[in-house]
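Chain by chain, the residues run as shown.
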Amino acid sequence: MADRLDQPRSTRRTIIPRPRREEDAAGRLSESIARFLGTPTFIIWLTIFCVAWIAWNSWGPEALRFDKASQGFTALTLMLSLQASYAAPLILLAQNRQTDRDRVQYEQDRQRAERNLADTEFLAREMASLRIALSEVATRDFVRSELRNLMEEMREGRDEPDDDAERDG
């Protein structure tokens, strides 16, 4: 029977499950190794290893020496070169990941700064509109002065004789 093209295939079951690989697992591993390579602990252990290697191959039993000092510790040089050849790409991978994280952080900072600027400009416009609106509103001092003027006019009006009363009398 032919499979229908509009239906997805059913998954095949296998005896041994296929391991699922996380996309970021290699990057995280390289970062952790690169981070360890930059620690004092690594430098101390590497120094102890090199000193032990040189001591064993210089002063150890003649029959058990595997890297002769007369040959310039060729095996030690090869091991350190191998370690360096693996360390350099791991460090570069870790730096690339850090650069990507920094790029994302810079972008978020830029967006945050743009929002802050927009908010600040909005608040400045609001403050300006409030100042304009308040210039049209009567202030306490203005109302007091107007009331004082009215009171003075009323006192002056009471003190002066009415023109109408003089004509009638």
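Here, the structure is the one placed above.
Note that the coordinates shown come from a computational prediction; the quantities given were computed from them, not determined experimentally. (Residues numbered from 1 in each chain as written. Predicted model: local features only at pLDDT ≥ 70, side-chain atom pairs only at ≥ 80, totals over all residues. Heavy atoms only, no water.)

Quick question: what am I supposed to make of a nonpolar patch on the surface here?
A surface patch of nonpolar side chains, about 370 Å² in accessible area, is lined by Phe142, Val143, Leu147 and Leu150. Tracing the chain through its elements places leucine 147 in helix 4 (residues 140-159). (Patch = residues over 30% accessible without salt bridge, like charges linked within 9 Å, V, L, I, M, F, W, Y side chains within 5 Å. Areas by Shrake-Rupley, 256 points an atom, 1.4 Å probe, with all protein chains shown as cover. Salt bridge = Lys/Arg side-chain N within 4 Å of Asp/Glu carboxyl O. Helix = DSSP H or I, 4+ residues; strand = E, 2+ residues; numbered from the N terminus.)

Would you mind showing me how to read the packing of helix 1 (residues 25-37) against helix 3 (residues 74-135) here?
Geometry of a packed helix pair, given as the angle between the helix axes and the separation of the axes. Where helix 1 meets helix 3, the closest approach of the two axes is 8 Å, and the angle between their N-to-C directions is 115 degrees. By the criterion of interaxial angle, the relationship of helix 1 to helix 3 is roughly perpendicular. Our pair here, helix 1 against helix 3, has a crossing hand that is left-handed. Along its contact with helix 1, which presents Gly27, Arg28, Ser30, Glu31, Ile33, Ala34 and Leu37, the element helix 3 presents Gln83, Ala87, Leu90, Ile91, Leu93, Ala94, Arg97, Gln98 and Arg101. The class makeup of the residues in the contact of helix 1 with helix 3 is 8 nonpolar, 4 polar and 4 charged. (Axes fitted to C-alpha atoms, helices over the stretch in contact; angles between N-to-C directions. Parallel < 35°, antiparallel > 145°, perpendicular 65-115°, else oblique. Left-handed = near helix turned anticlockwise from the far one by under 90°. Contact = heavy atoms within 4.5 Å. Nonpolar A, V, L, I, M, F, W, Y, C, P; charged D, E, K, R; others polar.)

Honestly, unusual backbone geometry in this entry has me stumped. Any pointers?
One can expect most non-glycine residues to show negative phi and most peptide bonds to be in trans. For phenylalanine 73, which is not glycine, the phi dihedral falls at a positive 50 degrees. For phenylalanine 73, a relative accessible area of 15% translates into the label buried. (Buried < 20%, exposed > 50% of the residue type's maximum accessible area, 1.4 Å probe, protein only.)

Help me out: how do you make sense of the environment of serine 70 in this one?
Along the polypeptide, serine 70 turns up in the loop between helix 2 (40-59) and helix 3. Placed 13 residues apart in sequence, serine 70 and asparagine 57 show a C-alpha to C-alpha distance of 10.0 Å.

What is the right way to read the packing of aromatic side chains from this model?
The geometry of an aromatic ring pair is captured by two quantities: the separation of the ring centres and the angle between the planes. A full pass over the atoms with the stated rule returns 3 aromatic pairs. Between phenylalanine 49 and tryptophan 53, the ring centres sit 5.5 Å apart and the planes meet at 55 degrees, which makes this aromatic pair tilted. Here phenylalanine 49 pairs with tryptophan 53, and both are found in helix 2, just 4 residues apart, close to one helical turn. Relative accessible area serves as the criterion here: at 34%, phenylalanine 49 is assigned to the partly exposed category. For tryptophan 53, a relative accessible area of 10% puts it in the buried group. Summarising the aromatic geometry, the rings of tryptophan 53 and phenylalanine 66 are spaced 4.9 Å apart at their centres and angled 90 degrees between planes, so their arrangement reads as edge-to-face. Within this pair, whereas tryptophan 53 is found in helix 2, its partner phenylalanine 66 is found in the loop between helix 2 and helix 3, the two being separated by 13 residues in sequence. Among the aromatic residues, those joined into a ring-pair cluster are Phe49, Trp53 and Phe66. (Phe/Tyr/Trp six-rings, centres within 6.5 Å; stacked < 30°, edge-to-face > 60°.)

Any chance you could explain the packing of helix 2 against helix 3 here in plain terms?
For the pair helix 2 and helix 3, the least separation of the axes is 11 Å and the interaxial angle reads 160 degrees. One way to sum up the angle between helix 2 and helix 3 is to call them roughly antiparallel. Two packed elements cross with a definite hand, and for helix 2 against helix 3 that hand is right-handed. For the pair helix 2 and helix 3, contact is made by Phe42, Leu46, Phe49, Cys50, Trp53 and Ile54 and by Ala75, Leu76, Met79, Leu80 and Gln83, respectively. Tallied by class, residues from the contact of helix 2 with helix 3 come to 10 nonpolar, 1 polar and no charged.

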